[in-house]
Amino acid sequence: MNIDDLVNNILDSYNQYGLINRSDEENFPNRQNVVKILQDLEFLIFPGFKYAEEITPTNLPYITGLKVNSIIAQLTREIQKALIYTGQQFKPEEKIQDKHCFKLAEKTAIVLIKEIPEIRRLMSLDVKAGNLGDPAAKSDEEIILSYPGLEAILVHRIAHFLFKCGVPLIPRIMSEHVHGKTGIDIHPGATIGESFFMDHGTGIVIGETCIIGNNVKIYQGVTLGALSVKKNLQNKKRHPTIEDNVTIYANATILGGDTIIGKNSIIGGNTWVTKSVPADTVITQ
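Remember, predicted model here, so these are calculated numbers, not experimental data.

A. Summary view of empty space enclosed by the protein. Within this structure, the stated rule accounts for 1 cavity of 30 Å³ or more. What the largest cavity holds in volume is close to 50 Å³. Taken together, D126, G130, I143, Y147, G149, L150, I153, F196, F197 and M198 make up the lining of the largest cavity. Listed by contribution, the elements that provide at least two residues to the lining of the largest cavity are α4 (98-133), α6 (148-164) and β3 (197-199). If one sorts the elements of the lining of the largest cavity by residue count, α6 sits on top with 3 residues. When grouped by side-chain class, the residues that make up the lining of the largest cavity number 7 nonpolar, 2 polar and 1 charged.

What follows is the structure, given as structure tokens:
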């Protein structure tokens, strides 16, 4: 079999199985473009920490302006593609208006930029929670530079905002990108309060309908999951609620949409919890 035959076999599979992201108006968001947008957003939230760009008081306004304009332009395009593609998937009988999708996408991108100061406020609290919650931490800067849990919650706060705005596909691309980097899997639909800290972080799973309050601390391997993964439960609350000031130690598993962990409780390591726990409770094996 020669090279031409090999190429033709691959081309035949494109026709037979589909799954192609074409460059025409019917394509869907490009993962590489979304990751680049995410990197620019991370710069706006922690300037000078994540990527090798020299920051001075003189050039910071200029660089910030460049990033903002780049994010709006690129994110608008990717959201527009997501809206068109999703609309065609779920309502193929309707003609999707590119112009309408563009306006909606641009509005969403601008609203996200407007939200950056609030995301920075939340992240400053997450950084402080990490420093206070880990005796090994020496400074806020160390948390920002090196803690995978902080990067995961940073991306989540961006993805969750877009998720709440109704943006399809892109929030999940963001969350799965950081999942691959950190080993921390947070669905963009999960609601997470202030001063959240994941120590070590590897293997943490937080489901789509999970609700987490303020000042919650979670260790590696924790699963906040569903009791059932049946498809007909898609629009139901499937994941637990964790109230304020709760600590969940390594490899604990908490399941179920009706499960509530009350305020100030401690869930010990390697425990399995499928029923609600009152406030001020300690659960161990």
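B. Geometry of α6. For α6, which comprises 17 residues, the first-to-last C-alpha distance of 24 Å matches the rise-based estimate of 24 Å (1.5 Å per residue) to within 8%. With 14 of 17 residues buried, α6 is to be regarded as a mostly interior element. Residue G166 follows α6 closely and has a positive phi angle near 85°.

C. Highlighting the sheet that holds strand β7 (residues 223-225). With parallel pairing, the 5 strands of this open sheet are ordered in space as β1-β4-β7-β10-β13. The strands lining the two open edges of the sheet, one partner per strand, are β1 (185-186) and β13 (272-273). Bridge analysis of β7 against strand β10 (residues 253-255) gives 3 bridges, and the strand direction is parallel. If you follow G225 over to β10, its bridge partner there is L255.

D. Expanded view of the state of the cysteines. Applying the stated criterion to the full structure yields 0 disulfides. No disulfide involves C101; its sulfur sits 15 Å from the nearest other cysteine sulfur, which is in C165. What makes C165 partly exposed here is its relative accessible area of 38%.

E. Examining the sheet that holds strand β5 (residues 211-212) more closely. Strand order in the open sheet formed by 4 strands is β2-β5-β8-β11, and the pairing between neighbours is parallel. At either end of the open sheet lies a strand with only one pairing partner, and these are β2 (191-192) and β11 (260-261). Note that β2 and β5 share 2 bridges and pair parallel. Within the sheet, the bridge partner assigned to I192 lies in β5 and is I212.

F. Representation of the environment of K164. Position of K164 relative to the elements: it lies in helix α6. For K164, a relative accessible area of 59% translates into the label exposed. C-alpha of K164 to C-alpha of D126: the two residues are 38 residues apart in sequence and 21 Å apart in space.

G. Summary view of a nonpolar patch on the surface. A surface patch of nonpolar side chains, about 710 Å² in accessible area, is lined by M1, I3, L6, V7, I10, L11 and Y14. Checked against the element boundaries, L6 lands in helix α1 (residues 3-17).

H. Examining the nonpolar core more closely. Residues M174, I206, I212, L224 and I248 are the most contacted members of the largest nonpolar core, which totals 68 residues. Only α2 (31-45), α3 (60-90), α4, α5 (140-146), α6, α7 (170-182) and β3 provide two or more residues apiece to this core. In terms of residue count, the dominant contributor to this core is α4 (10 residues). In this structure, I206 is in contact with D185, I186, H187, A190, I192, F196, I212 and L224, ignoring residues within four places of it in sequence.

I. Representation of the packing of α2 against α7 within the structure. Relative orientation of the contacting elements α2 and α7 amounts to 75°, with a least axis distance of 10 Å. In terms of axis orientation, α2 runs roughly perpendicular to α7. Facing R31, V34, V35, L38 and L41 of α2, the residues of α7 in contact are I170, I173, M174, E176 and H177. Its residues assigned to classes, the contact of α2 with α7 comprises 7 nonpolar, 1 polar and 2 charged.

Procedures and definitions
- Residues numbered from 1 in each chain as written.
- Predicted model: local features only at pLDDT ≥ 70, side-chain atom pairs only at ≥ 80, totals over all residues.
- Heavy atoms only, no water.
- 1 Å grid on protein atoms, 1.4 Å probe; cavity = no way out; pocket = protein on both sides within 12 Å on 5 of 7 lines; lining within 4 Å.
- Points joined across faces, edges and corners; volume = space filled by probe spheres on them.
- Helix = DSSP H or I, 4+ residues; strand = E, 2+ residues; numbered from the N terminus.
- Nonpolar A, V, L, I, M, F, W, Y, C, P; charged D, E, K, R; others polar.
- Expected span 1.5 Å × (residues − 1).
- Buried < 20%, exposed > 50% of the residue type's maximum accessible area, 1.4 Å probe, protein only.
- Pairing = 2+ DSSP bridges.
- Disulfide = S-S within 2.5 Å.
- Patch = residues over 30% accessible without salt bridge, like charges linked within 9 Å, V, L, I, M, F, W, Y side chains within 5 Å.
- Areas by Shrake-Rupley, 256 points an atom, 1.4 Å probe, with all protein chains shown as cover.
- Salt bridge = Lys/Arg side-chain N within 4 Å of Asp/Glu carboxyl O.
- Core = buried A, V, L, I, M, F, W, Y, C linked by side-chain atoms within 4.5 Å.
- Contact = heavy atoms within 4.5 Å.
- Axes fitted to C-alpha atoms, helices over the stretch in contact; angles between N-to-C directions.
- Parallel < 35°, antiparallel > 145°, perpendicular 65-115°, else oblique.

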